Amino acid sequence: MTAAIKAGAYLHHMALLSADPEGLARFYADAMDMEMRQEGDAYICEGPLRRMLFLKGESRTLGYAGFGCRDAEGLAGIREHALRAGVELLPSPSPFFGKEAFAVRDSDANLIIFGLAAQDPRREGIRGPIQHLTLASQDPDAIERFYVEKLGFRTSDYARAEDGRTLAVWTRSNHEHHTLACFRRGRQGIDHFSFEAGDWSVIKDWCDHMGDRRIPIVWGPGRHGPGNNLFIFIEDPDRNWIEISAELEVVYDRPSQTWPAEDYTLNKWGKAIYRD
């Protein structure tokens, strides 16, 4: 079992940069059913098992992503794996983790933090823990090598073109099909990120929630091939794509699979949507 899988690392929170962090935070507080507060220069939104930070900067840019480990032993395992692989460990800027946390920069210079998370206070609201981050990159193979070889993630699936180029890769740091994925794009940064609704009935609740707020669903409902999860997508004011998904495949031990470059791979129920 590799370091990240053994640690049971899961996406705990994300920080987004925005030209208007307060406005973006207000959108998420409403759209994703979270409470908003300001701490210094950061706007923080928290809901049931979901939390995000918004900082001043270039819009549609990842500030950092924080992965929580289930215990100190698991966190130490990722740290040791990274050090053996020659990865530089950096201080963590996250207010959600303690002094034990550390950060790394991946092959595209995305800042990724690992730490231990305190027990979440009980909150009422629609189920939707933050669940996975999908990066955009001009070199998804380098992204895969970094997370798998240097941090101990495992690869669940690929999508490849007829000429063999990797178009997308899905990796996991626990037993869910993917917690960190990457799509080949003409840019670097965020492709999208996802909240896990749990089951189909809760996606319906989210659809009703968005409809009440006149927030359009830009893609879905549908079902992905890799991961087999149900999904809808909305878009925030900075044009970040937000996925709400359900019933993601649980992977304990199987070889990675390769999917063809076709609409069916991204949406078993119909047309896929592609964007830069």
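Throughout this description, residue numbers start from 1 for each chain and increase along the sequence as written. Given that this is a predicted model, residues contribute local features only at a pLDDT of at least 70 and side-chain atom pairs are listed and counted only at 80 or more, while totals for whole chains, interfaces and linings are drawn from all residues. In computing side-chain properties, one takes all heavy atoms of the structure into account and sets aside hydrogens as well as water.

## Focus on the packing of aromatic side chains
- In this analysis, rings of Phe, Tyr and Trp, with Trp reduced to its six-membered ring, are considered paired at centre separations within 6.5 Å, and the interplanar angle assigns stacked below 30 degrees, edge-to-face beyond 60, and tilted for intermediate values. A full pass over the atoms with the stated rule returns 16 aromatic pairs.
- Their ring planes at 25 degrees and their centres at 6.3 Å tell us that Tyr28 and Phe193 sit as a pair that is stacked. Of this pair, Tyr28 sits in helix 2 (residues 21-31) while Phe193 sits in strand 12 (residues 189-198), and the two are 165 residues apart along the sequence. One exposure class covers both Tyr28 and Phe193, and it is buried.
- Look at Trp200 and Trp269: their rings are 6.1 Å apart centre to centre, the planes differ by 80 degrees, and that puts the pair in the edge-to-face class. On the criterion of sequence distance, the pair formed by Trp200 in helix 5 (residues 200-212) and Trp269 in the segment after helix 6 (263-266) is long-range, its members being 69 residues apart.
- By the ring-pair criterion, three or more aromatic residues cluster together here, those being Phe67, Phe102, Phe114, Phe146, Tyr147 and Phe153.
- Here, a charge over a ring means that NZ of Lys or CZ of Arg falls within 6 Å of the ring centre while also lying within 35 degrees of the ring normal. Lying over the aromatic face of Tyr158, Arg160 brings its terminal NZ or CZ to 4.0 Å of the ring centre. The helix count covers DSSP runs of H or I at least four residues long, the strand count covers runs of E at least two residues long, and both are numbered beginning at the N terminus. Burial classes: relative accessible area under 20% of the type maximum marks a residue as buried, over 50% as exposed, and values in between as partly exposed (1.4 Å probe, protein chains only).

## Focus on the pairing of strand 12
- Judged by how many residues are buried, strand 12 sits mostly within the fold: nine of ten residues are covered.
- Pairing geometry for strand 12 and strand 15 (residues 241-246), over six bridges, is parallel. In the sheet register, Glu196 faces strand 15, and the bridge partner there is Ser245. When DSSP locates at least two bridges between a pair of strands, those strands are taken to pair.

## Examining the sheet that holds strand 10 (residues 166-172)
- The nine strands are arranged 13-14-15-12-8-11-10-9-16 in an open sheet whose pairing can be described as mixed. Of all strands in the sheet, those bounded by a partner on one side alone are strand 13 (219-223) and strand 16 (257-260). Strand-to-strand twist across the sheet, computed as the mean angle between neighbouring axes with direction ignored, equals 20 degrees.
- Here, residues are in contact when the closest pair of their heavy atoms is within 4.5 Å. Lines fitted to C-alpha atoms define the axes here, with helix axes fitted over just the stretch in contact, and angles between the N-to-C directions of these axes take values from 0 to 180 degrees. On top of the sheet, helix 5 reaches strand 12, strand 13, strand 14 (230-235) and strand 15; it is set at about 20 degrees to strand 14, its chief contact.

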